[in-house]
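Residues per chain are reported as follows:
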Amino acid sequence: MMSRPHNNEIADVLFRVAALLEAQRASQYRVRAYRNAAKAVRAWPRPVALVYQAEGIDGLDRIPGVGQRISTLIQGILLTGRCPLLDRLEGQVSPEDLFATLPGVGDALAHRIHHELDIETLEELEVTAHDGRLERVFGVGERRAAMIRRILDSLLSRSARRMARRLRWFEGGNGPHAELHPPVGLLLGVDEEYRQRAAAGELHLVTPRRFNPDH
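About the thresholds
Residues numbered from 1 in each chain as written. Predicted model: local features only at pLDDT ≥ 70, side-chain atom pairs only at ≥ 80, totals over all residues. Heavy atoms only, no water. Helix = DSSP H or I, 4+ residues; strand = E, 2+ residues; numbered from the N terminus. Buried < 20%, exposed > 50% of the residue type's maximum accessible area, 1.4 Å probe, protein only. Contact = heavy atoms within 4.5 Å. Areas by Shrake-Rupley, 256 points an atom, 1.4 Å probe, with all protein chains shown as cover. Expected span 1.5 Å × (residues − 1). Arc of directions from axis to C-beta.

A.B. asks: How would you explain the overall build of the protein if you had to name every residue and give the values?
C.D. replies: Helix and strand counts for the protein come out as ten helices and zero strands. Start at the N end of the protein and walk to the C end: the helices and strands fall as α-α-α-α-α-α-α-α-α-α. Among the 215 residues that make up the protein, the fraction classed as buried is 37%. If you take every contact in the protein between residues at least 6 apart in sequence, the share linking residues at least 24 apart comes to 61%. Accessible area for the protein stands at about 12,500 Å²; split by element, carbon and sulfur atoms hold 51% of it.

Encoded structure:
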């Protein structure tokens, strides 16, 4: 059985949605709704994934500050590992507004980062934070680059697009996709083949996609 997602991971998605809505100058009521829901999920004493497993979407809806619309969004994250709203917002916000949503990056610095480094996504920004280009932008420096690097590492490693492999923890026999759970014999066979090929040096070395923008 895979480890279940922590409430913080779901809260991070909701905080991200709120930041992007704010960058688009959406109504403060809507921005505040997602921020309040994120705080509620982060502070909830019981794992939200367990709430959904036991009580379904009605259980999510009963968490104070969540509500029907956001509980549906959380359900989608739990079932698919994706957040279509987040994907859409990230595609609609300009690169400068996107970078300006990060703590410590104001409008002027976001403008310089976009134009001096010629990048448009957070994944590309993370690459520059690791290869030294970011800290050479005026107003960044080594300390701020390290802070941005830590923020992006947390943000991107927990993003909805990367949660799919971990958010199906309830497929171990009780979840709605239990029929996808592979037999133990198959897993042992794959493990043995992996170990043999690793010892023989036959495995491909793969760079994580966000560090390999040209694929």
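Okay, back to it.
A.B. asks: Describe helix 4 (residues 67–80), listing the residues and the values that go with them.
C.D. replies: Residues spaced three or four apart along an α-helix face the same direction, because each turn holds 3.6 residues. Taking 1.5 Å of rise per residue, the 14 residues of helix 4 would be expected to cover 20 Å, and the 20 Å separating its terminal C-alpha atoms lies within 8% of that figure. Within the span of helix 4, buried status applies to I70, S71, L73, I74, I77 and L78. Mapping the buried residues of helix 4 onto a view down its axis gives an arc of 155 degrees, with all of them on the same face. Those residues of helix 4 that are exposed and angled more than 90 degrees off the buried face are Q68 and R69. The positive-phi residue at the C-terminal boundary of helix 4 is G81, with phi of around 75 degrees.

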